[in-house]
Amino acid sequence: MSLALPTQPGPIGIFDSGYGGLTILNEIQKALPGYDYIYLGDNARTPYGTRSFDIVYEFTLQAVRRLFELGCHLVILACNTASAKALRSIQTRDLPQLDPARRVLGVIRPTIEYVGHLTQSRHIGVLGTTGTIKSESYVLELHKLFPDIQVIGQACPMWVPLVEYNEAHGDGADYFVQKYIHTLLKQDDRIDTVILGCTHYPLLLPKIKQYMPADIAIVAQGELVAQSLKDYLRRHPEMDTRCTRGAHCTYYTTESEEKFAESASTFLKQNIEVHHIDLNEY
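These numbers come from a predicted model, not from an experiment.

## Concerning the packing of helix α1 (residues 21–31) against helix α11 (residues 222–235)
Where α1 meets α11, the axes come as close as 8 Å, and the angle between the chain directions of the two elements is 45°. Our classification of the angle between α1 and α11 gives oblique. Here the hand of the crossing between α1 and α11 comes out right-handed. On α11, the residues that touch Thr-23, Ile-24, Glu-27, Ile-28 and Ala-31 of α1 are Gly-222, Glu-223, Val-225, Ala-226, Gln-227, Leu-229 and Lys-230. Residue composition of the contact of α1 with α11, by class: 6 nonpolar, 3 polar and 3 charged.

In structure tokens, the structure reads:
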């Protein structure tokens, strides 16, 4: 179904299934502070990590269409599960029909381009949600660019709840952080680089650094995605001119505005105004 999309310049859209994408937004705003942004969290239907490819694709497409209708010409999927399970289909199947001039980008490719040049042993670990690890997207994308790299994935199903229930710095987090790191490294003792393959995980960094061997590089995505976006806009001035600059961010959630604002303060360290939005009709 074709949409009557606004043609005037608009904000950059940032989408996540929940709150983790706020860590990406925060780094993007640091790198590109003058731009306008819309953040959309599908908090009512989170988590995406345990859902099927078809459902993640359907939900992500609904969000992308809504962001396009809100004026965005460029949308960042600040969610590893959406990037793994929906990005390619949306880029190849839907964008040509919705608007060939609009773009949807993910968080996996910028991460891979960076770690491929960082690792010395050519053995990389990925810590992520069950959905991201099962999709093997990191394995597939890494092997496209760096076929010699060995990739070991480890699902960390308890890490997102620890962050979202504000337990990331509590004593209860230690057991699960240590457990998943130990399980990952036990599979391959040559790993020298570990990707935090979920946008929630940077909030666990103090605990992760505590239990990760000091000689292993830990790669969080926020700054990498931000620099990649900055470079993308420099290389694509035609898209850059479609992005408005007012240094303003609007927040939408499919859940309760009050609940989102309270939880978002954990990620952003500031009070924000949030609007409710319904994606089911899209």
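Here the narrative resumes.
## Comments concerning the nonpolar core
Counting residues in hydrophobic clusters, the biggest one holds 71 residues, and the most contacted among them are Leu-22, Leu-127, Trp-159, Leu-233 and Tyr-251. For Trp-159, the contacting residues outside a window of four places in its chain are Leu-127, Phe-176, Val-177, Tyr-180, Ile-181, Tyr-201, Leu-204 and Ile-208. Grouped together as the second largest cluster of nonpolar side chains are 27 residues, Ile-38, Leu-40, Ala-63 and Val-104 included.

## Digging into the sheet that holds strand β3 (residues 74–77)
Taken together, the 6 strands give an open sheet; going across it, the order is β4-β3-β1-β2-β9-β10, and neighbouring strands pair in parallel fashion. Since the sheet does not close on itself, it has two edges, and those belong to β4 (103–105) and β10 (274–276), each with one partner. Taking each pair of neighbouring strands and ignoring which way they run, the sheet shows an average axis angle of 25°. Sheet analysis places strand β1 (residues 12–16) next to β3, joined by 4 bridges and oriented parallel.

Reading the values: the criteria
Residues numbered from 1 in each chain as written. Predicted model: local features only at pLDDT ≥ 70, side-chain atom pairs only at ≥ 80, totals over all residues. Heavy atoms only, no water. Axes fitted to C-alpha atoms, helices over the stretch in contact; angles between N-to-C directions. Helix = DSSP H or I, 4+ residues; strand = E, 2+ residues; numbered from the N terminus. Parallel < 35°, antiparallel > 145°, perpendicular 65-115°, else oblique. Left-handed = near helix turned anticlockwise from the far one by under 90°. Contact = heavy atoms within 4.5 Å. Nonpolar A, V, L, I, M, F, W, Y, C, P; charged D, E, K, R; others polar. Core = buried A, V, L, I, M, F, W, Y, C linked by side-chain atoms within 4.5 Å. Buried < 20%, exposed > 50% of the residue type's maximum accessible area, 1.4 Å probe, protein only. Pairing = 2+ DSSP bridges.

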